[in-house]
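Breakdown of the fold
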Amino acid sequence: RHGTNLMKQLKKVSDQAIELLKQLISIQSYSREEHKTADLIFNYLSEYGFNPQRKKNNVWAFAAERDDSKPTLLLNSHHDTVKATAKWTFDPFSATQADGKLIGLGSNDAGGSLVSLMHVFIELSKQLQPYNLVFLASAEEESSGEGGVPIVLEEMGPIDCGVVGEPTSMDMAIAERGLIVLDCVAHGHGGHAARGEGVNAIYKAMEDINWFRNYQFEKQSDVLGRINMTVTQIEAGTLHNVVPDVCNFVVDVRPNEHYTNTEVVERIRQNVDCDVKPRSLNLNASAISSGHLLVKKGEELGIPTYGSQTMSDQVHMPFPCIKIGPGDTRRSHTADEFIYLQEIEDGIQLYFDLLNGLKIRH
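Residues numbered from 1 in each chain as written. Predicted model: local features only at pLDDT ≥ 70, side-chain atom pairs only at ≥ 80, totals over all residues. Heavy atoms only, no water.

As a packed pair, helix α1 (residues 4-25) and helix α3 (residues 107-124) sit with axes 9 Å apart at the nearest point and diverge in direction by 135°. Taken together, the axis directions place α1 and α3 in an arrangement best described as oblique. By crossing handedness, the relation of α1 to α3 is classed as right-handed. Contacts between α1 and α3 involve Gln9, Val13, Gln16, Ala17, Leu20, Leu21, Leu24 and Ile25 from the former and Ser107, Gly111, Gly112, Leu114, Val115, Met118, His119 and Glu123 from the latter. In the contact of α1 with α3, the residues fall into nine nonpolar, six polar and one charged. (Axes fitted to C-alpha atoms, helices over the stretch in contact; angles between N-to-C directions. Helix = DSSP H or I, 4+ residues; strand = E, 2+ residues; numbered from the N terminus. Parallel < 35°, antiparallel > 145°, perpendicular 65-115°, else oblique. Left-handed = near helix turned anticlockwise from the far one by under 90°. Contact = heavy atoms within 4.5 Å. Nonpolar A, V, L, I, M, F, W, Y, C, P; charged D, E, K, R; others polar.)

What follows covers the pattern of salt bridges. Here the structure, examined in full by the defined rule, presents 14 salt bridges. Ionic pairing is found between Lys55 and Glu155, a salt bridge with its closest N-O pair at 2.8 Å. Of this pair, Lys55 sits in strand β1 (residues 53-55) while Glu155 sits in helix α4 (residues 153-156), and the two are 100 residues apart along the sequence. Classification of Glu155 as partly exposed rests on a relative accessible area of 47%. A salt bridge links Arg254 to Asp252; the nearest nitrogen and oxygen atoms lie 2.8 Å apart. For Arg254, a relative accessible area of 24% corresponds to the partly exposed category. (Salt bridge = Lys/Arg side-chain N within 4 Å of Asp/Glu carboxyl O. Buried < 20%, exposed > 50% of the residue type's maximum accessible area, 1.4 Å probe, protein only.)

On to the sheet that holds strand β13 (residues 246-254). Sheet strands pair via backbone hydrogen bonds, and the direction of the pair is either parallel or antiparallel. Read across the open sheet, the four strands follow the order β11-β13-β9-β14; overall the sheet is antiparallel. The open sheet has two edge strands with one neighbour each: β11 (228-236) and β14 (275-278). The mean inter-strand angle of the sheet, taken between neighbouring strand axes irrespective of direction, is 25°. The pairing of strand β9 (residues 180-187) with β13 spans eight bridges and is antiparallel. What sits directly across from Leu182, in β13, is Val251. Contacting β9, β11 and β13, helix α5 (residues 201-214) crosses the sheet at an angle of about 10° to β13. (Pairing = 2+ DSSP bridges.)

All right, on to the layout of surface pockets then. The computed volume of the largest pocket comes to approximately 380 Å³. Along its surface, the largest pocket is lined by 24 residues, and Glu141, Glu166, Thr310, Met311 and Ser312 are the ones closest to its centre. Residues belonging to the lining of the largest pocket are distributed by class as follows: five nonpolar, eleven polar and eight charged. (1 Å grid on protein atoms, 1.4 Å probe; cavity = no way out; pocket = protein on both sides within 12 Å on 5 of 7 lines; lining within 4 Å. Points joined across faces, edges and corners; volume = space filled by probe spheres on them.)

Moving on, we come to empty space enclosed by the protein. Leftover empty space is mapped by rolling, across the atoms, a probe with the size of a water molecule. Summed over the entire model, instances satisfying the criterion amount to one cavity of 30 Å³ or more. In this structure, the largest cavity encloses a volume near 130 Å³. Lining the largest cavity are 18 residues, with Leu24, Ser29, His79, Thr81 and Gly106 sitting closest to its centre. Residue assignment for the lining of the largest cavity shows that the elements contributing at least two residues are α1 and α3. Element by element, the count of residues in the lining of the largest cavity is highest for α3, at four residues. Within the lining of the largest cavity, the residues separate by chemical class into eight nonpolar, eight polar and two charged.

Here it is, written out as structure tokens:
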């Protein structure tokens, strides 16, 4: 599908991307502590002649001066990582290359996607594209922090669609679950257990917990399925002989794209007796139309589509997005995390085929 010269160029680009990934791995970039990798990315883009911008540890650059008559396409991945655990047998910051793999913290999640998208951005900028192109290396993705994507979107100006780089085996996620964490409190009345006094808050909580376990929202998603609600923590009681007057429990809720987080919480409050307090309502589910030109181009290239059960920076983006990238999501957040070098090379070629000359609507 590629000419010989383009094949050679993309192979060269892959080699450059892998070398950059090695440098990124060697720098500790725990979430909210990514300033040194932000420095590297800023300087790297500058060396290629771009005019990068930076806010906190987010770095972005446009391929050329914005043309307001064209739609704008965002390429995004994150450069922060989770913390390395004691279970690593390799040095997580050594970027070990062995058996066709690159082993190191952040290699798979999401370093492979980051360097692949960055180098495709560089290549696409060499040709006139039918869209404005902007690349964003974002911070605080792993901690859902407030200093990541949300603080830079407005500064980049209007965006028409986006590509979020995460390890998806280069399959295309066309929908993504949101997240609501609920702190719930059931109230009773204290009393002496021997005399059966009071109103047991645990029993009241059990009724609500049973509702969370069995209730199903009406609207199910073709790609994400139904909304999932799981009680994950519970705490009550002070002594064996005191009827507890308070029972606290936590619920993990994963909405589909048919409901906003606000709608989900309102429905829950209508059906349970406990106090319900969401920690955040900002992490909404999202989906892109199956008729979107970006999705259609992916289908023409034979890219499989699916609904993602895990979140990414896409939850902060109020415009149509897909999530796609080299690597395997099952390797994320694991000891001795790795990515195959071939995955990066194949990912760059597929990104280029997908995005070069892509026609999207303003």
